[in-house]
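# Fold and contact review
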Amino acid sequence: MGKRKRRVTLAVLLAAGMMLLLLRGMAFVTFGQEEEATVPEIPGITVDDVHVNGCVDCHRKADPEKDYRISTNLRELAEKGKHPNVEDSIKTIPGDCLTCHSESAAKMMGTEPLASMLHRFHLLGGEENHFITNDRGQCTHCHALNKDTGEFSIKSGKEQ
Ligand code: HEC
Ligand code: HEC
Ligand code: HEC
């Protein structure tokens, strides 16, 4: 290849490269302009809250094979010696769990605080975790926003 020919090829390549960059830039700008603002669906904030009682609205007995109740889970743990028997002391969930799993009770009794335990169960594991895939990992399934004051509280309710 002659020196001149090589220079021409180089110039053509450079020009083509610039064009590509330019086109990509334009495509990006148009895309940015056309993209509409989307409102995320956050229960109790941007969409209706269908789990107003928190835990107990999800952890139910769906059918005889699928018993997701927390009481059932704890009874199984108790049978394996991994949990004290709390059958008679739990009326509302998670309200009554806090007797032994609040931050201060946890320190005294050597239990795990409910907050870190539940955040771990529901918010870790990415796509392996059904709370993230099915329930979109939303904080407001358990935490309720008071729309007048902006305060957060923990939903609590009786198991069905
Ligand atoms: C919107 C539905 C939803 C709400 C509300 C919810 N959970 Fe869960 N919870 C799930 C799902 C789904 C899983 C299974 C996560 C996974 O795939 O590992 C789970 C897992 C758990 C586990 C782990 C043991 C098990 O049964 O698999 C415990 C314990 C638990 N939840 C307790 C609670 C408590 C206590 C609350 C309330 C403070 C609560 N959950 C609120 C859906 C929910
Ligand atoms: C009377 C006190 C008490 C109450 C009430 C209580 N717990 Fe516990 N919980 C414990 C103790 C103690 C342990 C630790 C057991 C151990 O490690 O041997 C524990 C451990 C656990 C564990 C871990 C079990 C494991 O796999 O090792 C889970 C999950 C749990 N509690 C959930 C709950 C939930 C949900 C509630 C409310 C519905 C609740 N607990 C109410 C005392 C209590
Ligand atoms: C499965 C139910 C559940 C979900 C989902 C959940 N929380 Fe919590 N959270 C709780 C409970 C129960 C407590 C403890 C209440 C107590 O100890 O009085 C708590 C406590 C907290 C606290 C105060 C204690 C701490 O750990 O510092 C913060 C902050 C918090 N949550 C933030 C969040 C955020 C942010 C999200 C979403 C990314 C979220 N939570 C999702 C149940 C949940």
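Quick note: structure is the one above.
So, here is what we can say about the structure in this document. (Residues numbered from 1 in each chain as written. Chains lettered and ligands numbered in written order. Predicted model: local features only at pLDDT ≥ 70, side-chain atom pairs only at ≥ 80, totals over all residues. Heavy atoms only, no water.)

Quick look at helix α6 (residues 114-123) now. Residues spaced three or four apart along an α-helix face the same direction, because each turn holds 3.6 residues. Among all positions of α6, only Leu114, Met117 and His122 are buried. Angular distribution of buried residues about the axis of α6 spans 110°; they occupy a single face of the element. Where the residues of α6 are buried, they touch α4 (98-101) and α7 (130-133). Immediately downstream of α6, the backbone of Gly125 shows phi near 100°, a positive value. (Buried < 20%, exposed > 50% of the residue type's maximum accessible area, 1.4 Å probe, protein only. Helix = DSSP H or I, 4+ residues; strand = E, 2+ residues; numbered from the N terminus. Arc of directions from axis to C-beta. Contact = heavy atoms within 4.5 Å.)

Attention shifts here to the coordination of the iron atom of ligand 1. The iron atom of ligand 1 binds to the protein through His59 (NE2) and His122 (NE2), with metal-donor distances spanning 2.0 Å. Every donor counted, the 6 donor atoms about the iron atom of ligand 1 form angles of 86 to 179° at the centre, which fits octahedral coordination. Note that His59 is positioned in the loop between α2 (55-58) and β1 (61-63) and His122 in helix α6, a separation of 63 residues in sequence. The class for His59 is partly exposed, based on a relative accessible area of 29%. (Donors = N, O, S within 2.8 Å, 3.2 Å for Na, K, Ca; no water. Tetrahedral: all angles 85-135°; square planar, octahedral: opposite > 155°, others 65-115°.)

What follows concerns the coordination of the iron atom of ligand 2. Taken together, His83 (NE2) and His101 (NE2) make up the protein donors of the iron atom of ligand 2, found 2.0 Å from the metal. The site at the iron atom of ligand 2 holds 6 donor atoms, and with the angles between them running 87 to 179°, its shape is octahedral. Residue His83 is located in the loop between α3 (70-79) and β3 (92-93), and its partner His101 is located in helix α4; the two are separated by 18 residues in the primary sequence. According to the relative accessible area criterion, His101 is buried, its value standing at 15%.

We now examine the site of ligand 2. Lys82, His83, Cys97, Cys100 and His101 are the nearest of the 15 residues found near ligand 2. In this structure, His83 approaches ligand 2 through a side-chain N or O atom, which is 2.8 Å from a nitrogen atom. Within the side chain of His101, a nitrogen or oxygen atom sits 2.8 Å from a nitrogen atom of ligand 2. In this structure, ligand 2 is accommodated by the largest pocket. Those elements giving two or more residues to the shell around ligand 2 turn out to be α3, α4 and α6. Here the shell around ligand 2 gets 3 residues from one element, more than from any other, and that element is α3. Grouping the constituent residues of the shell around ligand 2 by class yields 10 nonpolar, 3 polar and 2 charged. (Near = heavy atom within 4 Å. Polar contact = N/O pair within 3.5 Å; in protein donor to acceptor, adjacent residues only side chain to side chain. 1 Å grid on protein atoms, 1.4 Å probe; cavity = no way out; pocket = protein on both sides within 12 Å on 5 of 7 lines; lining within 4 Å. Sits in = over half its atoms within 2 Å of the grid points. Nonpolar A, V, L, I, M, F, W, Y, C, P; charged D, E, K, R; others polar.)

A few words on the pattern of salt bridges. If you walk through the whole model with that rule in mind, you get 4 salt bridges. With its nearest N and O atoms 2.8 Å apart, the salt bridge here joins Asp49 to Lys155. Pair noted here: Asp49 is in the loop between α1 (3-34) and α2 and Lys155 is in the loop between β5 (152-154) and β6 (157-158), with a separation of 106 residues, a long-range link. Judged by its relative accessible area of 6%, Lys155 falls in the buried class. A salt bridge links Arg120 to Glu112; the nearest nitrogen and oxygen atoms lie 2.6 Å apart. For Arg120, a relative accessible area of 38% translates into the label partly exposed. (Salt bridge = Lys/Arg side-chain N within 4 Å of Asp/Glu carboxyl O.)

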